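A structural walkthrough
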Amino acid sequence: MILSYPLVALLVLAAQATKPASRLAAAEPAIVPRPVEIEPGAGRFRLGEKSAVLVQSPYPEAKSVAEQLAAWLRTRTGLPLPVREKARDENSAGSIVLATAGGHSRASDHYDLTISERGVGIFAAHPQGLFYAFQTLRQLLPPECERTAAVQPPNELEWPCLRISDHSRFLWRGMLLDCGRHFMDKEFVKRTIDLLAYHKLNVLHWHLTEDQGWRIEIKKFPKLTEVGAWRRATRDSEQPRDAQGRYGGFYTQDDIREIVAYAKSRYVTIVPEIEMPGHCLAALAAYPELSCTGGPFEVRTEWGVEENVYCAGNEKTFEFLESVLAEVIDLFPGQYIHIGGDEVPKARWNSCPKCQERIQAEGLKDERELQSYFVRRIEKFLASRNRRLIGWDEILEGGLAPNATVQSWRGMAGAVAAASAGHDVIASPTSHCYLDYPQRPDPAAPGWMGFIDLEKAYSFDPLPAALPAAKSKHIQGVEGNIWTERAPQPRVDWQVFPRLAALAEVGWSPASMRDFADFSRRMRTHYRRLDALGVEYFVPLPQLASDITSFQDSCTLEFKPLPVDGRIHFTLDGSEPTAASPVYARAIRLDDSAEMRARTILASGRVGDEIRHRIRKLRPLDSVQLAVVQPGLAYELYNGSWRMLPEFDKLTPLRTGVAAVPEDALAEARSVAQGGFALRLRGSLSAPADGVYTITLRSDDGARVLLHDEEIVNHDGLHAVSDRRGEVLLRAGWHPLTIEYFDAGGASALAVEIEGPLLQRQPLTPGMLGHAP
Ligand code: TNX
């Protein structure tokens, strides 16, 4: 049945013509995520004493959204703003009207918002759309309105007249919150839900069980939380602790019901994750009989992958998990239950008689198929309760359960494979969606973590190019994951924001409207909203306008404009930049070598991380006389594990040799060393003529190049393959050369190129290198 909505229809119909969004870019309000269509109007609308929030909808939730909107506005304006059902033919001038029509064929998150001088009209197919219009209305007001304290004065707010028509690109727009590694309190989880909803995200993937903690009360198995929710505190930050020095916590079933209801009213579905068959040591500490060895175990205190997993040969395991899942299903009304399935070492199953018996009895090929058997069995159980299973991309190994949804994290290959086979997919590759990864190169981060800055996160497209168009419907959406090994609750904001705003736009806005420059423009305003909301986002770093690292006579250093309201404080004398250090205002002239140290300090007083940039005044380096020169460089190879380049002089080499070029030494090291290793190459470099030479160093983990003991290029602790350049002024002849390198496992790369007088850019050749025998 199509109902008639006089005011809304008037407002909406009047604005059918649409203009291309790009032409409006300059005037476009700073809404994040960017709406599909915005048409600016003339004039403004102001609420008054007589304004009401009128509802016209068969959905009871429409009234709840209206109440939320009215309550929000009341605290900001002090106006009465009663919420009422709109009478037929009622004159709604001066009010806000929320209306839905059941016959409307739009998506449930679609909304049409029209602001005219006569009032605000919101029209949607479903209350979810009304809720999103409410979020957009918030962002059309000054950012300071996001402060919860009443805005007084003025006690009147104004909106610009415009029309917005908006809906999501993907159905699933989520964030994983890992409460397994660190328990997070109930209020924090609710605040997270608010922040998701504010960004029009609609899934909280709640990671509730881990090796390091079991966080959900299960009535049938009380030891899960009596034992499994607490671990021996081993880090200073693990506070508070109980009398036995334990750290942790859990959610009671009442807590969970409260949080689920809270999420529901904000159109956020909670997808609980109960990890199996791995990442379950906390459960095994409580019930060791569910393991292959029988234990005993303690709740894991280290990070990383745990070998002890649920025994797949023991019927008790399945009885246990089905009982746990039955309680989980009762608590979480959403259709999906996440069962993890990632990182399951097979060592225990290999040597477990029960698991081997299961492999025999079920005619399985190996332990990978045993994992697949495990997941299929659980899927059947969930299906019998009308729930759908979702798991990490490892559940593809050994054959995928028939109706499973796959969450792809190890790149997008799993996404392509699963979608091609007709399975639904959630995209959250480590390359763009891992909110636990640093936002800048960070030597303190584990070597396998790349860094993901805002632009990188923003550049993500959940639809892989390799996927045939006909299969793209299987890509349900995108999720940002905040794993918390390095992010206890107080650090979560810093890791999550602003990148979550970028991922929200990835999930919501049409691909054709994505534009990082425009996003950055809107973010300048959005950062102020986040400030007002008390979100302690990662403070944007100062960025130099050029990557100049050396000069001959003098040079100038310039910073790009900050993307946020704040100041750059800097020093050039080696001291730490503080609020008392000079504020950057104009290009800085350098006449001598210096180290630029700088940081952003926000208008709010929040302090950003420091950046350092060394810049050298080139002085000609005299060549040295060598009595006897043999081709190649002498190298020493060391075994060990480092995060940064080691102090080579304090180490004993595993072996020494001569390499024609650095790449040869790396190849040799790779074939000999077990795990991490370090290399030092020493000898001389021949410069064919006087002049400035540019050395380019491509590396991973860490490396540097020195000439005459002076560091020319530093690529230490970057943990991602990239190039670094440095210049040096050389006289013709031989120059003592040192190349240092270390590898922390994973990718390894070491390539040195040179460019200068008489030399086109090229890799170091054997002819340029020599060493004393
Ligand atoms: C891998 S992503 C994991 C998590 C870790 C994360 C750290 C996934 C399915 N497993 O257990 O917390 O890396 O980045």
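Going by the structure above, here's the rest.
Note that this is a predicted model, so its numbers are computed, not measured.

The subject of this paragraph is the packing of aromatic side chains. To describe a pair of aromatic rings, one takes the distance between the centres and the angle between the planes. Here the structure, examined in full by the defined rule, presents 31 aromatic pairs. For the pair tyrosine 434 and tryptophan 483, a centre-to-centre distance of 6.5 Å together with 40 degrees between the ring planes defines the contact as tilted. Residue tyrosine 434 is found in the loop between helix 13 (430-433) and helix 14 (454-458), and its partner tryptophan 483 is found in the loop between strand 19 (475-482) and helix 15 (489-496); the two are separated by 49 residues along the sequence. The exposure classification of tyrosine 434 matches that of tryptophan 483, with both residues buried. Between phenylalanine 516 and phenylalanine 519, the aromatic rings sit 6.1 Å apart at their centres with planes inclined by 40 degrees, giving tilted as the arrangement. On the criterion of helical spacing, the pair formed by phenylalanine 516 and phenylalanine 519 is a turn pair, its members being 3 residues apart in helix 17 (residues 516-532). Overall, phenylalanine 516 belongs to the partly exposed group, its relative accessible area being 24%. The ring of phenylalanine 134 has arginine 138 lying over it, and the distance from NZ or CZ to the ring centre is 5.9 Å.

Turning to the site of the ligand, a few remarks are in order. In the region of the ligand, the neighbouring residues are Arg181, His279, Asp342, Glu343, Trp392, Trp409, Tyr434, Asp436, Tyr437, Trp448, Trp483 and Glu485. Arginine 181 is positioned such that a nitrogen or oxygen atom in its side chain is 2.8 Å from an oxygen atom of the ligand. At 2.7 Å from an oxygen atom of the ligand is found a side-chain nitrogen or oxygen belonging to glutamate 485. The protein chains hide 96% of the 360 Å² of surface that the ligand would expose on its own. When grouped by side-chain class, the residues that make up the shell around the ligand number 6 nonpolar, 1 polar and 5 charged.

Here we take up the side chain of threonine 317. Of note, threonine 317 is situated in helix 8 (residues 315-331). With relative accessibility at 0%, the residue threonine 317 sits in the buried group.

This structure, assessed with the given rule, holds 62 salt bridges. Linked through salt bridges whose partners overlap, the residues forming this network are Glu28, Arg34, Glu505, Asp518, Arg521 and Arg522.

Let us look at the nonpolar core. Judged by nonpolar contacts, the single largest core of 180 residues is most densely connected at Trp159, Trp206 and Tyr310. The element best represented in this core is helix 8, accounting for 9 residues. One finds Ala665, Leu679, Leu697 and Leu769 within the second-largest nonpolar core, a separate group that totals 35 residues.

Moving on, we come to helix 15. Inspection of helix 15 places Val492, Asp493, Trp494, Gln495 and Val496 among the buried residues, and these make up the whole buried set. Buried residues in helix 15 make contact with strand 8 (172-178), helix 4 (186-198), strand 19, helix 16 (499-508) and strand 25 (607-617).

Turning our attention to the packing of helix 4 against helix 6 (residues 253-264). Each packed pair of helices is defined by two parameters, the angle between the axes and the distance between the axes. Close contact between helix 4 and helix 6 brings their axes to 10 Å; oriented N to C, the two are set at 15 degrees. Overall, the two elements helix 4 and helix 6 adopt an arrangement that is roughly parallel. In the crossing of helix 4 with helix 6, the sense of the turn from one axis to the other is right-handed. Residues Lys186, Val189, Lys190, Ile193 and Asp194 of helix 4 form the contact with helix 6, whose participating residues are Asp255, Glu258, Ile259, Tyr262 and Ala263. Residue composition of the contact of helix 4 with helix 6, by class: 5 nonpolar, no polar and 5 charged.

Here is what the cut-offs are and how they apply
- All chains use their own residue numbering, which begins from 1 and follows the written sequence.
- Reporting in this predicted model follows two pLDDT cut-offs: at least 70 for local features of residues, and 80 or more for side-chain atom pairs to be given and counted; totals over whole chains, interfaces and linings ignore these cut-offs and use all residues.
- Note that water and hydrogens are dropped before the side-chain values are worked out from all heavy atoms of the structure.
- The aromatic pairing rule takes the rings of Phe, Tyr and Trp, using the six-membered ring of Trp, and pairs them if the centres are within 6.5 Å, calling planes under 30 degrees apart stacked, those over 60 edge-to-face and the rest tilted.
- The secondary structure listing takes helices from DSSP runs of H or I that are at least 4 residues long and strands from runs of E that are at least 2 residues long, numbered from the N terminus.
- Residue exposure (1.4 Å probe, protein chains only): buried if accessible area is under 20% of the type maximum, exposed if over 50%, otherwise partly exposed.
- Lysine NZ or arginine CZ positioned within 6 Å of the ring centre and within 35 degrees of the ring normal marks a charge as sitting over the ring.
- Whether a residue is near a molecule or strand depends on its heavy atoms: it is near if one of them lies within 4 Å of it.
- For the purposes of these results, a polar contact is taken to be a pair of N or O atoms within 3.5 Å, where, inside protein, one atom must be able to donate a hydrogen and its partner to accept one; residues adjacent in sequence count only when each atom of the pair is a side-chain atom.
- The accessible surface values rely on the Shrake-Rupley method and a 1.4 Å probe; as for residues, cover is taken only from the protein chains in view.
- Following the grouping adopted for this structure description, the nonpolar residues are Ala, Val, Leu, Ile, Met, Phe, Trp, Tyr, Cys and Pro, the charged ones are Asp, Glu, Lys and Arg, and the polar ones are all others, Gly among them.
- Salt bridges, as used here, are contacts in which a Lys or Arg side-chain nitrogen is within 4 Å of a carboxyl oxygen on Asp or Glu.
- Nonpolar core, defined: a set of buried Ala, Val, Leu, Ile, Met, Phe, Trp, Tyr and Cys residues in which side-chain atoms within 4.5 Å join the residues together.
- Residue contacts are counted whenever heavy atoms from the two residues lie within 4.5 Å of one another.
- Each axis is a line fitted through C-alpha atoms, and for a helix only the stretch in contact is used; angles between axes span 0 to 180 degrees, taken between their N-to-C directions.
- An angle below 35 degrees is read as roughly parallel, one above 145 as roughly antiparallel, one from 65 to 115 as roughly perpendicular, and any other as oblique.
- Crossing chirality is assigned from the near helix's rotation relative to the far helix, an anticlockwise turn below a right angle marking it left-handed and a clockwise turn marking it right-handed.

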